[in-house]
Amino acid sequence: MTQIQEILQRYWGYESFRPLQREAMQAVMDRKDSVVILPTGGGKSLCFQAPALVLPGMAVVISPLISLMKDQVDALTANGISAAAIHSMMNAEERRTVDRAIRDGSLKILYVSPERLAQERFRDYLRGANVSFMVVDEAHCISQWGHDFRPEYRQLRGLRDTFPDVHVHAYTATATSHVRNDIVEELSLREPEVLVGSFDRPNLVYRAERRADAFQQIGRVLGRHEGESGIIYCISRKEVDSLCERLNIAGHKAVPYHAGLRDEDRKRNQDAFIRDRADIVVATVAFGMGIDKPDVRFVIHAGMPKSIEHYQQESGRAGRDGLEAECRLLYSGADFMIWKSMLAKQEGETAEIALSKLEDMQRYCTGAACRRKTLLAYFDEHYPKDRCGACDYCLNELDTVEGSVEIVRAILACVDELGSMAGPTYTALVLSGSTEERVLSKGHDNLSTYASLASEGQRAVRDWIEQLVAQGYLEKTGEYNVLSVTALGRGADDSAPSLTKVSGRTRKSTATAVKSMEGVDAGLFEALRTLRRQEAEERRVPPYVVFSDASLMDMARKRPTNTIEFLGVHGVGQKKFRDFGDAFIAVIQRYCDEHGLSTNVTVSASTALELDDEPARKRPSKIDTWRQCEPLFKQGRAIEEVSAIIQRAPSTVAGYLLKYIEENQIADPAPWVHGSIFERVRECAASMETDRMKPVYQALNEEVSYEEIRICMACMRNLG
Ligand code: ADP
Ligand code: ZN
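Residues numbered from 1 in each chain as written. Chains lettered and ligands numbered in written order. Predicted model: local features only at pLDDT ≥ 70, side-chain atom pairs only at ≥ 80, totals over all residues. Heavy atoms only, no water.

K.L.:
Would you mind going over the overall build of the protein with me for this structure?
P.N.:
What the protein contains, in helices and strands, is 33 helices and 17 strands. Each principal axis of the C-alpha atoms in the protein carries an extent, and together these give about 90 × 80 × 50 Å. Split by element, the accessible area of the protein, about 32,400 Å² in all, is 48% carbon and sulfur. For the protein, the separation between the mean place of its 92 positive charges and that of its 104 negative charges on side chains is 3 Å. (Helix = DSSP H or I, 4+ residues; strand = E, 2+ residues; numbered from the N terminus. Areas by Shrake-Rupley, 256 points an atom, 1.4 Å probe, with all protein chains shown as cover. Lys, Arg positive; Asp, Glu negative; His and termini not counted. Charge placed at Lys NZ, Arg CZ, Asp CG, Glu CD.)

Structure follows, in structure tokens:
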């Protein structure tokens, strides 16, 4: 394993393993068959790629899509690893090059499609090559129980007979035992090592919220992710088109994606997203398979998916790189009805299963419990903690409604009074005291429950009705969704359900594994992103193939300006250092000069990237450290004072102060900078029309420190 660790550092610039990676690699090295089940972003590829470099010969990887193969080959090549794919889109010249590399034994990893491997001729060809082991990627495609069955995968059945001595390793993110058994059986695996990882994605923050004004709700999320990559899923193509258009009008860079677009448009839009030319892709569920973009920072569902499996899969496309990402789900009772009416066209057992999955999905949305715990429980995994610290419930963003008991009583009574003849919307109208004609004409303003919840507002009442349906106190029946009180509802006084209301607060997650931006200079990060985009365009690869966000953040934190320090950055191996080191170091050097930042910063272990397999709870918590200083800043304490109190360097405290100024929109730098100095800096910056520090520093005869200038400039930004 020391050999593997060396390889990891040299080619990938990684310093540690993610959970189960070590075991999975050991299985390959020990020449055993294996089945490895890890969630999306769990780091499956590395499990076979690293051993492939150590073992003699060439590893063959079977992958379902050309786009996936290309992506992997690009990433490997960028790390200086000899890898290639053979697929139908290559020309003769490209094919010959690969052929030569296979024959002279220099190729270490070869990607092929299952169809190709089914060809007798190709199998013969491979028999002549020195195959070290075989990998079946996305192995769930072999099972009809999976969500993506591909008949081509069934042709892999004969693999074992053709290559009796070659070990086979199957990888998937689908955990059910049905699928797992199918994989073992279909591939005739021999006493495989079965490794199943946790499906918890600690870096994802989950939120679910009833849809009111979707555009506004989406806008709020986008506001927190300016310039970052994200996916917005809609139920219908029409919604995709209209939402995308509105977003573009509002100034976002969004592209649409659905099955109704022409192939070339779809491809172009997908490409724009992958290459960071567009920030947002608005899509139906047609989008996602074959997208390995690691830096997706948010996934919004503008409508409710039809099952938790779908939700898990789609939301799971966020944050593959292990950095914090947000999953936000907007739902409404109408979504439930749309799916239900679609199911009504189906018959028999499958429709029944689908309906129960849909109900599970709705319960997830309206339930008042930890989202993470609920998701994991659905997949039969026990989450050991009561609160995860990274979902709307655990962050206390949902308010439990006071006086729930009376509200529940009023709603149930109204449903009874309406004689189980009305749907949720109408019931909400009556309870909130609507004077609409349809209510008055039926004389429902004379009911005893009429207007009994008038002070709560119609929208809230409508929401609570859904919550009661989801919790089993009310049920909807028939084509018109007529409400009636269930047996559970009749006993509601004994087991009062709890109602919640979205508070509108959004809190910073306290528990996600990686505090992405801690210690990162945001301006430098942006400058590095720009350079990354240029380098990527030049090489015609996606930006994340050049460097991941995690790497750029680590650079913007450590600010390395020499070889040794640069090689210490997360995700920088030898090849990337040779290819990109000079250009990135130059940008770092220039930026630090201009902004008076120190370089080659030693980052303490607690702020360094932690993507390793140490359990999160063992680490000391570092809950938004700067917030601990907030009260001290409020009291107007000087930087040195705060520094002494919290036992951190003054420069660190100055950084916290900047966050405090930014977050609280503070426009006056007193008491940290004297008013007269602020005036001088302001005048100088204004007359020079600059927001850079160095020219101001020089123009003021180096009399005002960089620290003071930076504080002034932060306040100037808040002057509006
Ligand atoms: P999966 O195929 O399981 O969805 P990937 O293999 O695409 O996951 O890995 C997700 C991301 O995590 C990639 O960007 C990969 O480079 C990165 N990664 C994998 N293993 C490690 C590790 N040990 N340390 C740091 N980053 C890793
Ligand atoms: Zn939670």
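Let us keep going from here.
K.L.:
What am I meant to see in the sheet that holds strand 4 (residues 109-112) here?
P.N.:
The strands making up a sheet associate through hydrogen bonds between their backbones, and the pairing can be parallel or antiparallel. An order of 3-4-2-5-6-1-7 is seen for the seven strands of this open sheet, with the pairing classed as parallel. Since the sheet does not close on itself, it has two edges, and those belong to strand 3 (83-86) and strand 7 (193-196), each with one partner. The mean inter-strand angle of the sheet, taken between neighbouring strand axes irrespective of direction, is 20°. Bridge analysis of strand 3 against strand 4 gives four bridges, and the strand direction is parallel. Among the inter-strand pairings, A83 is bridged to a residue of strand 4, identified as I109. Relative to the sheet, helix 5 (residues 92-103) contacts strand 2 (58-62), strand 3 and strand 4, its axis offset from that of strand 3 by approximately 125°. Seen against the sheet, helix 10 (residues 177-186) touches strand 1 (34-37), strand 6 (168-172) and strand 7 and runs at an angle of roughly 155° to strand 1. (Pairing = 2+ DSSP bridges. Axes fitted to C-alpha atoms, helices over the stretch in contact; angles between N-to-C directions. Contact = heavy atoms within 4.5 Å.)

K.L.:
I keep staring at the domain arrangement of the protein and nothing clicks. Help me out?
P.N.:
Each assigned domain of the protein is listed with its residue range as follows: domain 1 (2-196), domain 2 (204-383), domain 3 (399-502) and domain 4 (518-719). The centre of domain 3, based on its C-alpha atoms, is set 53 Å off from the matching centre of domain 4. (Domains from an automatic or database assignment.)

K.L.:
Hey, could you run me through the site of ligand 1 in this one?
P.N.:
In the vicinity of ligand 1, 15 residues are found, and the nearest of them are Y14, S16, G41, K44 and S45. A distance of 2.9 Å is found between a nitrogen atom of ligand 1 and a side-chain nitrogen or oxygen belonging to Q21. Here an oxygen atom of ligand 1 sits 2.6 Å away from a polar atom, N or O, in the main chain of G41. Per-element accounting of the shell around ligand 1 gives the leading share, three residues, to helix 3 (residues 44-54). When its residues are assigned to classes, the shell around ligand 1 shows four nonpolar, eight polar and three charged. (Near = heavy atom within 4 Å. Polar contact = N/O pair within 3.5 Å; in protein donor to acceptor, adjacent residues only side chain to side chain. Nonpolar A, V, L, I, M, F, W, Y, C, P; charged D, E, K, R; others polar.)

K.L.:
Help me out: how do you make sense of the state of the cysteines in this one?
P.N.:
Here is the idea: a disulfide is a covalent bond, and it sits between the sulfur atoms of two cysteines. Scanning the entire structure with this criterion turns up zero disulfides. Between C47, a free cysteine, and C141, which holds the nearest cysteine sulfur, the sulfur-to-sulfur gap is 18 Å. Look at C47 and you get buried, because its relative accessible area is 0%. Unpaired in terms of disulfides, C234 finds its nearest cysteine sulfur in C244, a separation of 9.1 Å. (Disulfide = S-S within 2.5 Å. Buried < 20%, exposed > 50% of the residue type's maximum accessible area, 1.4 Å probe, protein only.)

K.L.:
For this particular structure, what's the right way to read the packing of helix 29 (residues 639-646) against helix 30 (residues 650-663)?
P.N.:
Any two packed helices are characterised by how steeply their axes cross, that is the angle between the axes, and by the distance between the axes. Viewed as axis vectors pointing N to C, helix 29 and helix 30 meet at an angle of 110°, and their least axial separation amounts to 9 Å. Between helix 29 and helix 30, the angle falls in the class roughly perpendicular. As helix 29 runs across helix 30, the sense of the crossing is right-handed. Counting all contacts with helix 29, which are made through I639, V642, S643 and I646, the residues of helix 30 involved are P650, V653, A654, Y656 and L657. For the contact of helix 29 with helix 30, the class distribution of residues is eight nonpolar, one polar and no charged. (Parallel < 35°, antiparallel > 145°, perpendicular 65-115°, else oblique. Left-handed = near helix turned anticlockwise from the far one by under 90°.)

K.L.:
Help me understand the sheet that holds strand 13 (residues 325-331) in this model?
P.N.:
Strand order across the open sheet formed by six strands is 8-13-12-9-11-10, with parallel pairing between neighbours. Whereas interior strands pair on both sides, the edge strands pair on one side only; in this sheet they are strand 8 (204-210) and strand 10 (254-257). Taking the axes of each pair of neighbouring strands and ignoring which way they run, one obtains an average angle of 15° across the sheet. As paired elements, strand 8 and strand 13 share seven bridges and run parallel to each other. Looking at strand 13, one finds that E209 is bridged to L330.

K.L.:
Whenever I open this one, helix 5 confuses me. Can you help?
P.N.:
Since one α-helical turn is 3.6 residues long, residues separated by three or four positions face the same way. The end-to-end C-alpha separation of helix 5 is 16 Å, in line with the 16 Å expected for twelve residues at 1.5 Å each. Of all the residues in helix 5, the buried ones are V98, D99, A101 and I102. Projected down its long axis, helix 5 carries its buried residues within an arc of 165°, all on one side. Its buried side turned inward, helix 5 meets strand 2, strand 3, strand 4 and helix 7 (120-127). A positive phi of about 75° marks G105, the residue just after helix 5. (Expected span 1.5 Å × (residues − 1). Arc of directions from axis to C-beta.)

K.L.:
Honestly, the pairing of strand 16 (residues 482-485) in this entry has me stumped. Any pointers?
P.N.:
Two faces make up the sheet, and in a regular strand the side chains alternate between them. Alternating residues of strand 16 divide into V482 and S484 and L483 and V485, and every residue in both groups is buried. Counting the residues in the hairpin turn of strand 15 (residues 474-477) and strand 16 gives four residues, including G478, whose phi is positive at 70°.

K.L.:
I tried to follow the nonpolar core on my own but got confused; where do I start?
P.N.:
Soluble globular proteins: nonpolar side chains tend toward being buried together. Counting 110 residues, the largest nonpolar core has L126, M134, M555 and F584 as its most contacted members. Here this core takes eight residues from helix 27 (residues 574-595), the largest share from any one element. Those residues within four positions of L126 in sequence are excluded, and the remaining contacts are M58, V60, L110, L117, V131, M134 and F163. Counting residues in hydrophobic clusters, the runner-up holds 34 residues, among them W626, V653, I677 and V704. (Core = buried A, V, L, I, M, F, W, Y, C linked by side-chain atoms within 4.5 Å.)

K.L.:
Can you walk me through unusual backbone geometry in this structure?
P.N.:
Of the consecutive residues A670 and P671, the connecting peptide bond is found in the cis state with omega at 5°. Structurally, the position occupied by P671 is in the loop between helix 30 and helix 31 (675-688). The phi dihedral of L20 falls on the positive side, at around 70°, and the residue is not glycine. Of note, L20 is situated in the loop between helix 1 (2-12) and helix 2 (21-29). Positive phi is not limited to glycine here, since A451 has a value of about 65°. Residue position: A451 is located in the loop between helix 20 (437-441) and helix 21 (458-470). You can call A451 partly exposed: its relative accessible area is 28%.

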